[in-house]
Amino acid sequence: MKTRNEQPKEIYLAGGCFWGTEHFFKQIEGVVETSVGFANGHIANPTYKEVYTDKTGCAETVHVKYDPNVVSLEFLLQMFFKAIDPTSLNKQGHDEGTRYRTGVYYTNEDDLTIIEKVFREVQNGYQQPLCVEKLPLQNFYSAEEYHQNYLDKNPTGYCHLPESLFEFARQAKERK
């Protein structure tokens, strides 16, 4: 049973271009903070310009902090899979390259059981294998400030996700 004093938990989600992925998760009740950056690459403190070359090994990723008293990791992952094409390798929408790969990166080994459960459930809906990484977080470097909350600052800015998906996220409620 959850206690009311439970600290926020975190998960790192790569869902293609991080502008739309961050905006999507910000709409979900129980998400208390988001930030965008670059995860699981092989160089320290990469810039967006470096990541854009696809030579850093980084994935555009959203760090999601959430209140487990309000929303569960399982629900957040179910929502994540509604915002991506899980069978597309290194491509979401019109964005292509290894930086746009999809992935779930965890910092707490205890989360792996839930992550694997959701992956199994999603895989059951597809004949082809999922192309979504499921790995421990190796590293995460914040993106430059102009990328943080990008779609709040630029409401008509580019996004690979449809506006209807943001509305869906705003209305989504976990059934407990």
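Details of the structure are given in the entry above.
Read on for a plain summary of the structure.

Quick notes on the rules
- Residues numbered from 1 in each chain as written.
- Predicted model: local features only at pLDDT ≥ 70, side-chain atom pairs only at ≥ 80, totals over all residues.
- Heavy atoms only, no water.
- Buried < 20%, exposed > 50% of the residue type's maximum accessible area, 1.4 Å probe, protein only.
- Helix = DSSP H or I, 4+ residues; strand = E, 2+ residues; numbered from the N terminus.
- Contact = heavy atoms within 4.5 Å.
- Phe/Tyr/Trp six-rings, centres within 6.5 Å; stacked < 30°, edge-to-face > 60°.
- Lys NZ or Arg CZ within 6 Å of the ring centre and 35° of its normal.

This part covers helix 3 (residues 73–82). Of all 10 residues making up helix 3, 7 are buried, and the element is well covered by its neighbours. Looking only at helix 3, the buried set comprises Leu73, Phe75, Leu76, Leu77, Met79, Phe80 and Phe81.

Within the secondary structure, leucine 130 sits in the loop between helix 4 (112–123) and strand 7 (132–136). By relative accessible area, which is 17% here, leucine 130 ends up buried. Along the primary structure leucine 130 and arginine 170 are separated by 40 residues, whereas in three dimensions their C-alpha atoms are 26 Å apart. The contact partners of leucine 130, leaving out residues within four places of it in the chain, are Phe81, Pro86, Phe119, Val122 and Gln123.

The full count for this structure, using the stated rule, is 8 aromatic pairs. Here a set of aromatic residues connected by ring pairs shows up, and it is made of Phe18, Phe38, Tyr48 and Tyr52. The ring of tyrosine 52 is capped by arginine 99, whose NZ or CZ atom sits 4.0 Å from the centre of that ring. Above the ring of phenylalanine 119, the side-chain terminus of lysine 134 is found at 5.0 Å from the ring centroid.

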